[in-house]
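Results of the structural survey
So you can see what is in the structure, the chains are spelled out below.
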Amino acid sequence: MSELNNQNRHNYSKYDEMSTEALEQILRLDFGSLDETESDIDAILYISEVIEKRKRQSNEIDVDTAWEKFKTKYHPYTDGRSLYDFGDEDSNQTSEEGISKISLHNGRNLLRFRRLMIVAALLVACLFGGIMVAQASGIDVLGVVGRWTDETFHFITAGSRELSTHKVDSEFYETVELTLDEWGIDKDLFPTWHPEGFVAQEPRVANLNDSDTISVSFKEKDRSYSVRISCFYVPTAETGSFEKDDVLIEEYLHNGDIFYIFTNIDTITATCYDGECMTTIGGSLTVDELKHIIDSIGGN
Amino acid sequence: MKRILSTFVATVLLITCCIGTSWAASEVDTYASLTLSYYYAEMFNGGKGKASIDFSVSSNKFVDEIGVDSIKIYESDGDYVKTISGTTSNGLIGLDSDWHSDSYNVSLPSGSYYAKVTVFATVGSVTDSRTITTSTVRVS
């Protein structure tokens, strides 16, 4: 390639001001010309050098321009903190002009959202568990729901249910059953079994404005318990309150009826309300004795 | 979005706390009893010029005294009317028993009334009592 002396470069300076596309057109025209005498080799070389220089320059990265572009369009902070710094937002902003803070912190938002969802899921699970416990303790299968606090127990709604008949041998059983028949109760509600050593006392009856009650007490040497059946004229939510301690209430199912068993310091009580009659067994009994008494209702 | 989630979490937490607390439905004291096991009291219209107060009190043991210590009558607006004290003579108290239940009539002028019935049971030197407020009844 011939070298262009300064004088010739000066003559070709006009090409420096022409666009790259125009210079390339000149080259194409020269290449396509059939008359070789018209071709200015030096000019062609000059033009080629200009074009080549321009292409090299367009491939070079302007570092400063690129850095400015990054800071304005991609970098979320102006104070140089890491993108992975999820700490509390620093109220101190840099004073660098022309830089705006990008408000969307995708990584931190996603983590917070995930944590909140986990907490919400745990709380929903606790809520659901509480509802299940509540249903288990108060499900209105028979139309009767027992409600209790740590101190008292009572029935709050009424339903109705009938028990199957059976036969028995228990002192005063017949007396009680006849009395219930007189009250229009055709269910077998009185237990047919009592623990050995206990002696039944004479039944007692109370006739109130909204209910009739028959009670039989059983006495042993140092212990006693009673069986009391109260039948209400109409289903009611007001059946009275039972004292209890903070031991959990046990639901004991017998012949389709739920007996709620709970303790009151040194005694134990089991009670069932079928919407018509409330049967209560309570006194100085063991849990097994109490359940055996319950199981004997209906002749089992 | 964050505010909505926070509100939801707070609501769920509040509901969970409510379900976990006591379902108190009785106006009784807050401890188990050594002498009392069950009690009930209610007021009814007892006919012309009368109110009838039912009560049923039981213990899981044979106690020295059991029944009604007092019946305080109030007008429906809360004005005090009178008190009936329980005795064995008027049938409000039973002796050496595990259960006492009856219906007691009170003479009252026409109006609406309710009663606060205090029941009790005594074993030796230990006496426990509870007060039950009846519903309001119209006496004609």
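Residues numbered from 1 in each chain as written. Chains lettered and ligands numbered in written order. Predicted model: local features only at pLDDT ≥ 70, side-chain atom pairs only at ≥ 80, totals over all residues.

1. So, the overall build of chain B
Helices and strands together make up the secondary structure of chain B, namely one helix and seven strands. By residue count, 37% of the 140 residues in chain B fall in the buried class. Sequence-distant contacts in chain B: of pairs separated by 6 or more residues, those separated by 24 or more amount to 67%. (Helix = DSSP H or I, 4+ residues; strand = E, 2+ residues; numbered from the N terminus. Buried ≥ 20, exposed ≤ 12 C-beta atoms within 10 Å, placed from the backbone. Contact = placed C-beta atoms within 7 Å.)

2. So, the overall build of chain A
When helices and strands are tallied, chain A shows seven helices and eleven strands. Looking at chain A as a whole, 25% of its 300 residues qualify as buried. The contacts in chain A between residues at least 6 apart in sequence include a share of 53% that link residues at least 24 apart.

3. Considerations on the confidence of the model for chain B
Residue and element names in this part refer to chain B. With 89% of its residues at a pLDDT of at least 70, chain B reaches an overall mean of 89. Mean pLDDT values for the elements of chain B range from 73 in helix α1 (residues 2-20) up to 98 in strand β3 (residues 80-85). Across residues 22-30, confidence stays below pLDDT 50; counting only partners more than four residues off in sequence or on other chains, it has 18 contacts. Complex prediction metrics read pTM 0.59 and ipTM 0.79. (pLDDT = per-residue confidence, 0-100.)

4. Some remarks on the interface of chain B and chain A
Counting from both sides, the interface comprises 39 residues of chain B and, opposite them, 42 residues of chain A. Counting only elements with at least two residues in the side of chain B that touches chain A, the list comes to α1, β1 (38-45), β2 (50-75) and β4 (93-107) of chain B. Ranked by the residues each element gives to the side of chain B that touches chain A, the list is headed by α1 of chain B, at nine residues. Tallied by class, residues from the side of chain B that touches chain A come to 21 nonpolar, 13 polar and five charged. (Nonpolar A, V, L, I, M, F, W, Y, C, P; charged D, E, K, R; others polar.)

5. As for the nonpolar core
Counting 60 residues, the largest nonpolar core has L290 of chain A together with Y39, A41, I53, F55, V117 and V119 of chain B as the members making the most contacts within it. Excluding anything up to four places from it in sequence, V119 of chain B contacts Y39, A41, F55, V57, G67, V68, D69, S129, R130 and I132 of chain B. (Core = buried A, V, L, I, M, F, W, Y, C linked by C-beta atoms within 7 Å.)

6. Observations regarding the confidence of the model for chain A
Residue and element names in this part refer to chain A. Chain-level pLDDT for chain A is 78 on average; 72% of the residues reach the 70-or-more range. Of all secondary-structure elements in chain A, the lowest mean pLDDT belongs to helix α1 (residues 6-11), at 54, while strand β11 (residues 277-283) reaches the highest, 97. Counting contacts from residues 90-104, a segment whose pLDDT is below 50, to residues more than four positions away or on other chains yields 13 contacts. The low-confidence segment residues 139-143 (pLDDT under 50) makes twelve contacts with residues lying over four places distant or belonging to another chain.

7. A look at the pairing of strand β10 (residues 267-273) of chain A
All names here are of chain A. For β10, a buried count of seven out of seven residues is recorded, marking the element as mostly surrounded by other parts of the structure. Residue alternation in β10 divides its side chains into two sets, T267, T269, T271 and Y273 and I268, A270 and C272, and both sets are buried. Counting the residues that bridge the hairpin from strand β9 (residues 257-264) to β10 gives two residues, and of these I265 lies at a positive phi of roughly 60 degrees. Across six bridges, β10 lies against β11 in antiparallel orientation. The partner of I268 across the bridge, within β11, is G283. From the end of β10 to the start of β11, which pair antiparallel, there are three residues, and G275 there has a positive phi angle of about 95 degrees. (Pairing = 2+ DSSP bridges.)

8. With respect to unusual backbone geometry
All names here are of chain A. Unusually for a residue other than glycine, N255 sits at a positive phi of about 50 degrees. Secondary-structure assignment places N255 in the loop between β8 (250-254) and β9. Backbone geometry at I265 places phi at a positive 60 degrees, although glycine is not the residue there. For I265, the location among the structural elements is in the loop between β9 and β10.

9. Remarks on helix α7 (residues 287-295) of chain A
All names here are of chain A. Here α7 has its buried residues at E289, L290, I293 and I294. Along the long axis of α7, the arc covered by the buried residues comes to 140 degrees, so they all point the same way. Looking at the packing, one finds that the buried side of α7 touches β8, β9, β10 and β11. (Arc of directions from axis to C-beta.)

10. Some thoughts on the environment of N90 of chain B
Mapped onto the secondary structure, N90 of chain B falls in the loop between β3 and β4. It is 8.5 Å that separates the C-alpha atoms of N90 of chain B and Y104 of chain B, two residues lying 14 residues apart in sequence.

11. A short note on the environment of K219 of chain A
Residue and element names in this part refer to chain A. Along the polypeptide, K219 turns up in strand β5 (residues 211-219). A sequence separation of 64 residues divides K219 from G283, and the C-alpha atoms of the two residues are 9.9 Å apart. Once residues lying within four places of it in the same chain are set aside, the contact partners of K219 are F198, V199, Q201 and S224.

12. Quick word on the pairing of strand β6 (residues 126-133) of chain B
Pairing analysis gives eight bridges linking strand β5 (residues 111-123) of chain B to β6 of chain B, with the strands arranged antiparallel. Of the residues in β6 of chain B, the one forming a bridge with K116 of chain B is T133 of chain B.

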